Amino acid sequence: MLRGFYTAASGMLTQQRRTELLTNNMSNANTTGYKADQTSVRSFPEMLISNIGGKTIPTENKFSMSQLSQVGGLSTGVYVQEANPLFTQGTLEETQLNTDISLADENLPIIEETGRQGSVFFTVQDGEGDVRYTRNGNFTLDGQGYLTTPAGHYVLNENNERIQLDSDRFTVTENGVILEGNVQTARMGIGYSDDPSSQLMKDGEGLYKAVNDGDLPNAYAAADIGFSTKQGFLEGSNVDQSRTMTEMMSAYRSFEASQKVLQAYDKSLDKAVNEVGRL
């Protein structure tokens, strides 16, 4: 009976974790460049329950088939194995600000084995000087003219160098070249990942870092991919609010169901201890 407690409790913990992730997705539905998290729920290995028969207690290490009869399988619960961001592109929204830049996915290969599509990212430098990646193109110029993210991280060019501009009156072409007047100042650093779900992990403030702490390949040099940079546009969140609300309700109902199972086990155990025990 106690095994049932553990199974029901694992279901409640799993649905609680799912609800937390879905709530976080909803709270970031209007966050620029945000990628919704998806959970992967797995079950623990099933146990095969057997009944030990016979009038004598076996003394050998292995039971014979005559001494064992299979009762059936016993589920040992579920757990959230992992949470991966969904890297599909969000809606592009026009802002008409020169410092707002978005990435438009055009022709990115899909891995046949997993069905996952590649993605491109702006290259930035975090506060510790490490290379990070983002889809949030809501940039600005700091006091020294460096192009930065809202959190103050430096935007890098294709050589992983900081981009410094004279003013916000610059132009970004569709292939990432930054022009001041007719002079090319820099080319935006764009990294490419053919499987971002396994190669990148969230690092806070809309940033991602490579799992192996390496750098993503230069997207301009990658073969058979197509993308463009759009100035005056921002990429919105890819959170599907209607679907997220539906999944939140489903997670809540599943939590309630596991809770009722737990209460039923508790009542059965109460009867076994307080009533059957008296007999």
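Residues numbered from 1 in each chain as written. Predicted model: local features only at pLDDT ≥ 70, side-chain atom pairs only at ≥ 80, totals over all residues. Heavy atoms only, no water.

Some points on the overall build of the protein chain
For step 1, the next point in the chain: Scanning the protein chain for helices and strands turns up 3 helices and 19 strands.
For step 2, the next point in the chain: Counting all 279 residues of the protein chain, 36% fall into the buried class.
For step 3, the next point in the chain: Accessible area for the protein chain stands at about 16,400 Å²; split by element, carbon and sulfur atoms hold 47% of it. (Helix = DSSP H or I, 4+ residues; strand = E, 2+ residues; numbered from the N terminus. Buried < 20%, exposed > 50% of the residue type's maximum accessible area, 1.4 Å probe, protein only. Areas by Shrake-Rupley, 256 points an atom, 1.4 Å probe, with all protein chains shown as cover.)

Let's talk about the pattern of salt bridges
For step 1, the next point in the chain: Counted by the stated rule, this structure contains 11 salt bridges.
For step 2, the next point in the chain: For lysine 35, the salt bridge identified is with glutamate 235, shortest N-O distance 2.5 Å. On the criterion of sequence distance, the pair formed by lysine 35 in the loop between α1 (2-27) and β1 (37-43) and glutamate 235 in strand β19 (residues 233-235) is long-range, its members being 200 residues apart. In terms of burial, lysine 35 and glutamate 235 fall into one category: buried.
For step 3, the next point in the chain: With a closest N to O distance of 3.1 Å, glutamate 256 and arginine 253 form a salt bridge. Residue glutamate 256 and its partner arginine 253 are both found in helix α3 (residues 241-274); the two are separated by 3 residues, about one turn of the helix.
For step 4, the next point in the chain: One continuous salt-bridge network, built from bridges that share partners, spans Lys35, Asp105, Arg135 and Glu235. (Salt bridge = Lys/Arg side-chain N within 4 Å of Asp/Glu carboxyl O.)

Quick notes on the sheet that holds strand β12 (residues 171-172)
Two pairing modes exist for strands in a sheet, parallel and antiparallel, and in both the strands are linked by backbone hydrogen bonds.
For step 1, the next point in the chain: Taken together, 3 strands build an open sheet; the order of strands is β12-β13-β14 and the sheet is antiparallel. In the strand order of this sheet, the two ends are held by β12 and β14 (183-187), each with one partner.
For step 2, the next point in the chain: One ladder, built from 4 bridges, connects strand β13 (residues 177-180) with β14; its direction is antiparallel. Looking at β14, one finds that valine 177 is bridged to arginine 187. (Pairing = 2+ DSSP bridges.)

Concerning the nonpolar core
Nonpolar side chains in soluble globular proteins generally cluster together in the buried interior.
For step 1, the next point in the chain: Ranked by internal contacts, the top residues of the largest apolar core, which has 22 residues, are Val120, Met188 and Ile190.
For step 2, the next point in the chain: At the level of elements, β6 (101-107), β7 (119-125) and β15 (190-193) are the ones that each hand at least two residues to this core.
For step 3, the next point in the chain: With 9 residues, the next largest nonpolar core counts Phe87, Leu156, Leu200 and Ala210 among its residues. (Core = buried A, V, L, I, M, F, W, Y, C linked by side-chain atoms within 4.5 Å.)

Some words on α3
For step 1, the next point in the chain: Taking 1.5 Å per residue as the helical rise, α3 with its 34 residues ought to reach 50 Å, and the 49 Å between its terminal C-alpha atoms agrees with that figure.
For step 2, the next point in the chain: Three or more residues of α3 are buried, namely Thr244, Met248, Ala251 and Ser258.
For step 3, the next point in the chain: Where α3 begins, one side-chain oxygen reaches toward the backbone nitrogen of serine 242, 3.3 Å away; that side chain belongs to aspartate 240. (Expected span 1.5 Å × (residues − 1). Polar contact = N/O pair within 3.5 Å; in protein donor to acceptor, adjacent residues only side chain to side chain.)

Quick word on unusual backbone geometry
For step 1, the next point in the chain: Phi at asparagine 160 is positive, roughly 60 degrees, even though this residue is not glycine.
For step 2, the next point in the chain: With respect to the element layout, asparagine 160 can be found in the loop between β11 (154-155) and β12.
For step 3, the next point in the chain: Using a relative accessible area of 38% as the deciding quantity, one classes asparagine 160 as partly exposed.
For step 4, the next point in the chain: With a phi close to 60 degrees, glutamate 205 is a non-glycine residue in the positive phi region.

With respect to the side chain of glutamine 125
For step 1, the next point in the chain: Within the element layout of this structure, glutamine 125 appears in strand β7.
For step 2, the next point in the chain: A distance of 2.9 Å separates the side chain of glutamine 125 from the side chain of arginine 162, its partner in a polar contact.
For step 3, the next point in the chain: Not counting residues up to four positions away in its chain, the partners in contact with glutamine 125 are Asp130, His153, Tyr154, Leu156 and Arg162. (Contact = heavy atoms within 4.5 Å.)

Remember that the coordinates give geometry; whether it matters functionally is a separate question.
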